Amino acid sequence: LVRRSPMQLARIWLLRKHRHMRMVRHMLPDLLPTSEAAALLRCTPSTVARMAAAGTLPVAVRAPGERGALLFRRADVEDLAAQRRDADLDKWAAS
């Protein structure tokens with residue numbers, strides 16, 4: 001039985017998680033992780049996670065685990081970004 005420190009266990013978990021995400025992204029290139037979706041939407045990754053939880057932005061793939069990574073379809077993110085831009089333009093034009 002090999003004993004590992006919590007830091008070693010965390011490093012192993014991260015490596016496995018990222019390997020899984022790279023594999024999924026290689027098979028499905030039109031999927032975006034939370035950070036890239038946030039960049040397109042011009043917001044923070046935590047805001048994207050809140051949008052996903054509220055149902056504003058549909059989640060295409062959720063990685064396994066309690067805090068599994070989220071992947072979003074590029075088309076869904078671009079549609080939401082366009083809606084947000086239009087709403088901002090309407091708000092700006094009204095003032």
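Use the structure listed above.
First, a word on what this report is: a plain description of the structure on this page. The structure displayed is predicted, hence computed values, not measured ones. (Residues numbered from 1 in each chain as written. Predicted model: local features only at pLDDT ≥ 70, side-chain atom pairs only at ≥ 80, totals over all residues. Heavy atoms only, no water.)

1. So, the side chain of Thr 34
Then, number 1: By the element assignment, Thr 34 lies in helix 2 (residues 34-41).
Then, number 2: Ignoring sequence-local partners within four residues, the contact set of Thr 34 consists of Pro 45, Val 48, Leu 70 and Phe 72. (Helix = DSSP H or I, 4+ residues; strand = E, 2+ residues; numbered from the N terminus. Contact = heavy atoms within 4.5 Å.)

2. Focus: helix 3 (residues 45-54)
Then, number 1: Taken together, the buried positions of helix 3 are Val 48, Met 51 and Ala 52. The buried residues of helix 3 all sit within an arc of 100° when viewed along its axis, so they share a single face. Pointing more than 90 degrees away from the buried face of helix 3 are the exposed residues Arg 50, Ala 53 and Ala 54.
Then, number 2: At its buried positions, helix 3 is contacted by helix 2, strand 3 (70-73) and helix 4 (74-94). (Buried < 20%, exposed > 50% of the residue type's maximum accessible area, 1.4 Å probe, protein only. Arc of directions from axis to C-beta.)

3. A short note on the packing of helix 2 against helix 4
Then, number 1: Here helix 2 crosses helix 4 at 30°, and the two axes come no closer than 9 Å. When the interaxial angle is binned, helix 2 and helix 4 end up roughly parallel. Note that helix 2 runs across helix 4; the crossing there is right-handed. On the side of helix 2, the interface is formed by Ala 37, Leu 40 and Leu 41, while helix 4 contributes Arg 74, Val 77, Leu 80, Ala 81 and Arg 84.
Then, number 2: In the contact of helix 2 with helix 4, the residues fall into six nonpolar, no polar and two charged. (Axes fitted to C-alpha atoms, helices over the stretch in contact; angles between N-to-C directions. Parallel < 35°, antiparallel > 145°, perpendicular 65-115°, else oblique. Left-handed = near helix turned anticlockwise from the far one by under 90°. Nonpolar A, V, L, I, M, F, W, Y, C, P; charged D, E, K, R; others polar.)

4. Here's the deal with the sheet that holds strand 3
Then, number 1: Taken together, three strands build an open sheet; the order of strands is 1-3-2 and the sheet is antiparallel. At either margin of the open sheet sits one strand with a lone partner, and together these are strand 1 (31-33) and strand 2 (61-62).
Then, number 2: Packed on one face of the sheet, helix 2 meets strand 1 and strand 3 and runs near 95° to strand 1. (Pairing = 2+ DSSP bridges.)

5. Considerations on the pattern of salt bridges
Then, number 1: On inspection of all chains with the given rule, the structure shows two salt bridges.
Then, number 2: A salt bridge links Asp 76 to Arg 73, with the shortest nitrogen-to-oxygen separation between them at 3.8 Å.
Then, number 3: Judged by relative accessible area, which is 39%, Arg 73 ranks as partly exposed.
Then, number 4: Across the pair Glu 78 and Arg 74 runs a salt bridge whose closest N-O atoms are separated by 3.9 Å. (Salt bridge = Lys/Arg side-chain N within 4 Å of Asp/Glu carboxyl O.)

6. Considerations on helix 2
Counting along an α-helix, one turn takes 3.6 residues, and residues three or four places apart therefore face a common direction.
Then, number 1: Within the span of helix 2, buried status applies to Thr 34, Ala 37, Ala 38 and Leu 41. Relative to the axis of helix 2, the buried residues are bounded by an arc of 100° and lie together on one face.
Then, number 2: Contacts made by the buried residues of helix 2 are with strand 1, helix 3, strand 3 and helix 4.
Then, number 3: Positioned one or two residues after helix 2, Arg 42 has a phi angle of 55°, which is positive.

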